Every structure is written in C-alpha cells, then in structure tokens.
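Single-letter residue listing:
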Amino acid sequence: MKSALRSAVADVLARVGPAGVMGVITALAAALYSAAGLAGLRAFRLGTYDLVIFDQAVRSYSRLGLPVSIAKGVHNDLGWTFAVLGDHWSPILALLAPFYWLHDGPETLLVLQGVLLAAAVPPLWLFARRRLGTTAAHLVAAAYALSWPIAEAASFDFHEVAFAPVLTAWMIERHDAGRVRQAVLAGALLLCVKEDTGLLVAGYGLFLLATRRWRAGAALVAAGLAAVLLTTRVLIPAFGGRADYYWAYGALGPDLPSAAARALTRPLEALALLGTPPDKLLTMLLLGVMVLFLCLLSPMTLIMVPPLAARMMASSFPNWWGTAYHYNAFLAVVIFCAAVDGIGRLRRTGPRVPLAAALVAVAVVLLPFFAYDRLLSTDRRSGAAAQAAAAVPDGVLVEAANYLGPALTSRTRVLLWDREPRWAPWVVAETGRKTFPFTTLDEQLARVETLRNNGYRVVFERDGYLVLRRG
C-alpha cells in the first residue's frame, strides 16, 4: 500500500515537473492567506486600525489622488486631508490602485495581500534549488508557506509588509544568480515599501562585507541607512507627518544623535534592551526555532540584524517585539534563505533533504499556536454586528467601532469611534467588549451615554452593538 502510494506520488510529480510543484505550492499558499484574511473580515476580527486606513488610502490612489485616510487623519488630529505617506513611506501601495477599479473594497486588499505573500515562494524555491536540489527546494518552499510569521501577517488586516517578502527574496536570489541589475531593482522597490526597509538593504550590505565584497557592501550599507534618514526626516514630514512620531528609543535618548552616543558610550545598557522585556527573547527564540537555528550557519543572517535590532532595542511600541501582528513577516524570507545557505554549507550532502523536511515539520507543529487557529472560530455576535452595519445607509459619514469599520468602508465614509466625539451623523458603537482606542469598557458605555445626552437616538441595538443617529 505504502509503495503504491509512493509510486503514485512520484508519477504525479514527474508529470507536473519541478516548476509545476512550485506553482502548486504558491497557489495553495495564496489561497490559504487570502482565505485567512477574508475569514477574519467575515467574522469581524479585522479593524479600522489598520484595514480601513489602507482601504481609504488605496481608494484615493484609485481616484488619482493622494492616499488620504480620514480615519487616520482625524484620529491622530492630523486633519481630514491627511495622506498616509505622512505616516509611513509606502508609495508602492499605488500599484494596488488598478485593482480597485475591479472591486472597490477591503476584500481586494486581503486577496492581494495573500497573493503577494505567496509570491515569495518562487524566488525562495529558485534559491533553495540552486543550493540544495529540487526536493529540498520544495520542502523549504512549503515550510515558508506554513511559517508562523506569514500566518500572522495574513491574518492581521492588511499591511505594506505584503510586498516585503517577495522583493527581499528576489533581491537575494537575483544577486545570488549573478543578475546584479535585477537585484538592485528589487532592492530599489523594497525601499518604497516602508521607511525602515532601508535597514534590510543595509543588512544585505553587511552580508556582502562579511563575504569580502567590500565596495558593493559598503555602498548598500550607506544607501540603506541614507534611505531611512531621507524617508523619515524629509519625505514623511513633507506629507504632514512628524519625523519623530515613531521614535521608540526613549530609554537611550530623545533623538537619534543622543541615542547613538549613549549606545556607543554605554554598550551594555544598549544590549540589555534586547532582552527587556523578556518577550523580545521569546520572539527571537521562535524565529530561530522556525528554521532549527540553521540560519546561524550562514553569514546571510546579517541581513536581518539591522531591522531586528531596530525592533528589539525599542523601549516603546510593544507590538514591535512580540510574535503577533505582521512585523516578523519582514524577516521570514531572509531567515529561510539563511537557513538554506546554512544547510548548503554543511560538509555532508546527505542530511540536506531531511533537514529541509524538518523545517516543514516545525512549521506544522507551530501552526496551532498562531493565527490559523482562529480561522474556524466563530463569534455568536457576528450576526448582530452584520445587522448593525446594515442599519447604516450608504454614502454617510459614520463613526464606527474598530471592528465594524471594515464592513462599512466600501459604501460609507468611516471614522474611528473614538475617545473624543467627532459628532458624525451616524455612530456604530460597541459595548460588548473593550475595543480600540478605549481603555475600559466603562469608558465606551460613557461615550454612548454622552451621545444620547447630545441628541443622538438609538436606531438599532443588539448583543452590545448600537447604531445611533444624530437627531
């Protein structure tokens, strides 16, 4: 029986061919990621922060305007015409605009995110096949597709990180293949993903320096760091943002010069931040476990050092250093490429396929502990949430509770239901659970009472969801 099964599998693989198997892995990954995002949207697990922000921005791009998000601008007191380029430098989002001509709504972003995250599989597969052979390349591609950082990114709203794995993978693979110009193009596009992706480019420069490619390495380190300074100090402020809005290193100093001086003069204090709080150590441990620490056998690990250090040395923005959300997806493909290179550096060729298979096993074991465990979960209040959203008419301005905004954004102008009243004509409130940005449930109940005392009347109420209309 087992031999017959093995024979059948071998026959199918022979018919499809290596590239066909890689294509199947890519397609299945894209379907999984898209399904994870759409399931979250259907279950009201995705939020105005951040899905509606990106939805409004890409919709503005699709109408040939700046990427304006009123949800972001009003909540942060940046104005009704605030363009998200003043929050994060992500002009690459403009490439998504044509898809909004086909379907104008957050579903488009979630499907595109799934496709983009899966699009890193082909370059990773090419890189692994060159180093380890076809069978091992299939296994590495599957391990990446099932990895927990990608699962977290696919299940948490939409973010610009969707572009990072594929561009990083092509940058690494094309340079490894000797196609330097193509690698430079991928790196240049990577700089358009977010203001801190220059750290990945700088990290690639460190890898080149470690492998004695001095001129190219020094150039990439300088270019990557210069890109970070240019985007944060010049471009983001030019679009109405603040250069220091995401400054997270208060434990070292109030600005970059003072923090750098303190880190150089008191290096032990700076290093201690890498493990304070201990959650940072857990995240780094799980990133290593993901590839059985095989990445440490390769100098390619240096690529992730600058972006990982930037997160782990932060003393504020705790989301940066945890395992949840999308932040680790910036590093996933780098870690897998380093692991592939590490396996290839082993003296014996025998354990290459078993080691690659072990990566798949680790990914499968870790799956239940991360985002996909929520795919099949249901909330008995989802029906009430859908009814509350349906009670709001098309085309109106509405303040919506965080998890209700995505259901309304394609047909209304959505603001976040906030701690400060915005006095929109319509409000969708939630009092069944604590929701961002409120700090307590009592605060949410008090906000509803404030609305009632100021002339709003309830037109729908069920299971902790209320729809109020200004009368």
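The paragraphs below set out a description of the structure included in this document. (Residues numbered from 1 in each chain as written. Predicted model: local features only at pLDDT ≥ 70, side-chain atom pairs only at ≥ 80, totals over all residues. Heavy atoms only, no water.)

### A closer look at the overall build of the chain
Looking only at helices and strands, the chain has 22 helices and 5 strands in total. Rg of the C-alpha trace for the chain: 24 Å, near the compact-globule value of 23 Å for 471 residues, within the 12% margin. Once the C-alpha set of the chain is aligned to its principal axes, its extents read approximately 75 × 65 × 45 Å. Each of the 471 residues in the chain was classed as buried or not, and the buried ones make up 52%. Relative to all contacts within the chain whose residues are 6 or more apart in sequence, the contacts with residues 24 or more apart total 69%. Taken as a whole, the chain presents about 20,500 Å² of accessible surface, with 64% of it coming from carbon and sulfur. (Helix = DSSP H or I, 4+ residues; strand = E, 2+ residues; numbered from the N terminus. Rg over C-alpha atoms; globule rule 2.2 N^0.38 Å. Buried < 20%, exposed > 50% of the residue type's maximum accessible area, 1.4 Å probe, protein only. Contact = heavy atoms within 4.5 Å. Areas by Shrake-Rupley, 256 points an atom, 1.4 Å probe, with all protein chains shown as cover.)

### Some remarks on the state of the cysteines
Under the defined criterion, the tally for this structure stands at 0 disulfides. Considering cysteine sulfurs only, C337 is the nearest to C295, which forms no disulfide, with 11 Å between them. Taking the relative accessible area as the measure of exposure, C295 reaches 3% and is therefore buried. (Disulfide = S-S within 2.5 Å.)

### Some details on the nonpolar core
Counting residues in hydrophobic clusters, the biggest one holds 103 residues, and the most contacted among them are Y33, L96, V140, Y144 and F336. Counting residues per element, this core draws most heavily on helix 18 (residues 329-344), at 13 residues. Beyond its immediate chain neighbours, meaning those up to four positions away, L96 contacts V58, L109, L112, L116, F158 and F163. Counting residues in hydrophobic clusters, the runner-up holds 34 residues, among them V392, A400, A401 and W426. (Core = buried A, V, L, I, M, F, W, Y, C linked by side-chain atoms within 4.5 Å.)

### A closer look at helix 17 (residues 305-312)
Taken together, the buried positions of helix 17 are P306, P307, L308, R311 and M312. Where helix 17 is buried, its residues touch helix 12 (198-210), helix 16 (279-289) and helix 18.

### Quick notes on the side chain of N402
Topologically, N402 is positioned in the loop between strand 1 (397-400) and helix 21 (405-408). In this structure N402 comes out as buried when scored by relative accessible area, which is 4%. In contact with N402, other than residues within four places in its own chain, are L46, G47, T48, Y49, L416, T435 and F436.

### Side note on the packing of helix 3 (residues 48-62) against helix 6 (residues 106-118)
The interhelical angle for the contact between helix 3 and helix 6, taken along N-to-C directions, is 100°, at an axis separation of 9 Å. It follows that helix 3 is roughly perpendicular to helix 6 by the angle criterion. In this structure, helix 3 contributes L51, F54, D55 and V58 to the contact, and helix 6 contributes P106, L109 and L110. Classifying every residue of the contact of helix 3 with helix 6 gives 6 nonpolar, no polar and 1 charged. (Axes fitted to C-alpha atoms, helices over the stretch in contact; angles between N-to-C directions. Parallel < 35°, antiparallel > 145°, perpendicular 65-115°, else oblique. Nonpolar A, V, L, I, M, F, W, Y, C, P; charged D, E, K, R; others polar.)

### So, the packing of helix 2 (residues 18-42) against helix 9 (residues 148-155)
For any two helices packed against each other, one specifies the inter-axial angle together with the distance between the axes. Where helix 2 meets helix 9, the axes come as close as 8 Å, and the angle between the chain directions of the two elements is 40°. Taken as axis vectors, helix 2 and helix 9 run oblique relative to one another. Contact residues: Y33, A36 and G37 in helix 2; I150, A154 and S155 in helix 9. Considering only residue class, the contact of helix 2 with helix 9 consists of 4 nonpolar, 2 polar and no charged.

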